[in-house]
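Notes for the structure review
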Amino acid sequence: MPPLLVAVADSVFPNLDPARAVLSRIGAELRLASEPTPAAILGVATGADALLVTYAKITAEMIQQMPRCRIISRFGIGVDNVDIAAATTAGIVVTKVPDYCIDEVSDHAMALLLALARKIPSASARVHAGRWEMKAVVPIHRLRGSVLGLVGFGRIPQLVAPKAQSFGLQVVACDPYVAPDILARAGVEGVDFARLLKISDFVSIHSPLLPETTGLFNAGVFRQMKPTAYLINTARGPIVDEAALAQALDLGQLAGAALDVMEQEPPSKSALFGRDNVIITPHVSFYSEESLVELQTKASEEVVSVLSGQPPRNPVNPEALQRA
Ligand SMILES: NC(=O)c1ccc[n+]([C@@H]2O[C@H](COP(=O)([O-])OP(=O)(O)OC[C@H]3O[C@@H](n4cnc5c(N)ncnc54)[C@H](O)[C@@H]3O)[C@@H](O)[C@H]2O)c1
């Protein structure tokens, strides 16, 4: 039997050594497309038993030309670049890695919270500009006893909660779909959205981007926040209406914001730029050297499972397994 062949459509990694190490368990050979174009991807994928993909679009037309393929494994959380319906029809299971960076994103949310609360970026910028003065950071409030409101209580905020609690913050959360015992075990009070806005000193967004959450943080919502409150968004940019946020900051309806994600990435210009009380990082919450290794490893383990006849951990279209 010829060795198993695993095609890689595109890669953002410095090298594919972690994937190679996992795939060596089944003696599979790895072949990376020379460029992320359909023709180059098909050049390696047509005869492949599996396809690993990052951002390249995998269309129905391409899937029809991959007769041996049994799994398309995405290096990442979302799978909207793969035609799932076409994969299902072809009996190809599509998998994702939803949990490779939950340590990193929860750390980043806490780092943004601490940087806002202690005013680190603006204080540091002043010192670099020759101003060694406490006046510039006044007022700062004690974290212990402050309230952190988590919007969404999935994998990431479930790690934010204990980190925040270790600083003495009281944590509440609003998630219409989470089981009450998950909140109870975390020592987190479940509240509705209006109450969360009313009582939180920090509001951290962790819900997915859905029609119901697009523009969720708008002018009407900012009016309901404490004027001393800070907003943190490590989820998805369009959940926050940035023009309304800029206006709310101008009106003093909240004290500041820290965003790792923006409505448009990269942003061309923004009314939020150049403000002392706004921190922006370039969608880097997911990143650490270790999270990238974990991502490659877990995506490749899905390939090993499927090619050895085992069920994958995170199939998007499990019904394809019945068709295979
Ligand atoms: N910035 C980054 O680098 C980065 C990296 C990974 C994930 N993310 C984002 O972080 C967010 C959270 O990820 P996760 O792994 O915790 O997600 P998850 O899938 O584990 O949980 C999502 C939670 O949101 C809840 N939810 C759905 N609709 C809601 C609503 N209207 N209001 C409140 N809660 C709602 C669900 O019930 C679920 O508990 C997602 O938006 C994800 O895209 C960002």
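Calculation rules
Residues numbered from 1 in each chain as written. Predicted model: local features only at pLDDT ≥ 70, side-chain atom pairs only at ≥ 80, totals over all residues. Heavy atoms only, no water. Helix = DSSP H or I, 4+ residues; strand = E, 2+ residues; numbered from the N terminus. Expected span 1.5 Å × (residues − 1). Buried < 20%, exposed > 50% of the residue type's maximum accessible area, 1.4 Å probe, protein only. Phe/Tyr/Trp six-rings, centres within 6.5 Å; stacked < 30°, edge-to-face > 60°. Contact = heavy atoms within 4.5 Å. Core = buried A, V, L, I, M, F, W, Y, C linked by side-chain atoms within 4.5 Å. Pairing = 2+ DSSP bridges. Salt bridge = Lys/Arg side-chain N within 4 Å of Asp/Glu carboxyl O. Right-handed = clockwise from strand over helix to strand, strands pointing away.

It is worth spelling out helix H5 (residues 102-118) at this point. Relative to the 24 Å expected for 17 residues at 1.5 Å per residue, H5 spans 24 Å between its end C-alpha atoms, a close match to the ideal helical length. The buried fraction of H5 is high, at twelve of 17 residues. Positive phi shows up at Lys 119, right after H5, with a value of about 55°.

A few words on the packing of aromatic side chains. Within this structure, the stated rule accounts for four aromatic pairs. Relative to Tyr 230, the ring of Phe 202 has its centre 5.7 Å away and its plane inclined at 20°; by these criteria the two rings are stacked. Within this pair, whereas Phe 202 is found in strand E9 (residues 202-205), its partner Tyr 230 is found in strand E10 (residues 230-233), the two being separated by 28 residues in sequence. Just as Phe 202 is buried, Tyr 230 falls in that class too. On the basis of an interplanar angle of 40° and a centroid distance of 6.4 Å, the ring pair of Phe 217 and Phe 222 is categorised as tilted. The two residues Phe 217 and Phe 222 agree in class, both being buried. An aromatic cluster is present here, built from Phe 193, Phe 217 and Phe 222 joined pairwise through their rings.

The topology assignment puts Val 188 in the loop between helix H8 (180-185) and strand E8 (189-190). Note on Val 188: relative accessible area 6%, which makes it buried. In this structure the C-alpha to C-alpha distance between Val 188 and Gln 170, which are 18 residues apart in sequence, comes to 7.8 Å. The residues contacting Val 188, other than those within four sequence positions of it, are Phe 153, Ala 161, Gln 165, Val 171, Val 172, Ala 173 and Leu 183.

Moving on: the nonpolar core. Ranked by internal contacts, the top residues of the largest apolar core, which has 30 residues, are Phe 217, Phe 222, Leu 231 and Leu 245. Elements supplying a minimum of two residues to this core: strand E6 (147-151), strand E7 (170-174), helix H9 (193-199), E9, helix H10 (219-223), helix H11 (242-250) and strand E11 (256-259). In this view, Leu 245 contacts Phe 222, Leu 231, Val 240, Leu 254, Ala 257, Leu 259 and Leu 272; residues no more than four positions away in its chain are not counted. With 27 residues, the next largest nonpolar core counts Phe 13, Val 97, Cys 101 and Leu 307 among its residues.

This brings us to the sheet that holds strand E12 (residues 278-280). If you walk across this open sheet you meet the seven strands as E8-E7-E6-E9-E10-E11-E12, and the pairing is parallel. The open sheet terminates on both sides in strands that have one partner only, identified here as E8 and E12. Examined bridge by bridge, E6 and E9 share four bridges and lie parallel to one another. Bridge pairing in E9 places Leu 150 opposite Ser 204.

Counted by the stated rule, this structure contains 13 salt bridges. With a closest N to O distance of 2.6 Å, Lys 163 and Asp 107 form a salt bridge. You can see Lys 163 sitting in helix H7 (residues 155-166) and its partner Asp 107 sitting in helix H5, a full 56 residues away along the chain. What makes Asp 107 partly exposed here is its relative accessible area of 41%. In this structure, Asp 276 engages Arg 126 in a salt bridge whose closest nitrogen and oxygen atoms are separated by 2.8 Å. Placement of the pair is Asp 276 in the loop between E11 and E12 and Arg 126 in helix H6 (residues 120-128), with a sequence separation of 150 residues. Here the residues in one salt-bridge network are Asp 99, Glu 294, Lys 298 and Arg 313, joined through shared partners.

Now for the pairing of strand E4 (residues 71-74). Side chains Ile 71 and Ser 73 project from E4 onto one buried face, and the interleaved Ile 72 and Arg 74 project onto a second face that is buried too. Sheet topology places strand E3 (residues 50-53) next to E4; four bridges connect them, and they run parallel. Along E4, the bridge assignment pairs Leu 52 with Ser 73. Note that E4 and strand E5 (residues 93-95) share three bridges and pair parallel. Within E5, the position partnered with Ser 73 by the bridge is Thr 95. Tracing the backbone out of E4, into helix H4 (residues 84-89) and back to the parallel element E5 gives a crossover that is right-handed.

So, on to the side chain of Asn 314. Here Asn 314 shows up in the loop between helix H12 (289-307) and helix H13 (319-323). Accessibility expressed as a relative area gives 16% for Asn 314, which makes it buried. Setting aside chain neighbours within four positions, we find Asn 314 in contact with Val 94, Thr 95, Lys 96, Pro 98 and Glu 302.

None of the figures reported here should be taken as evidence of function without further support.
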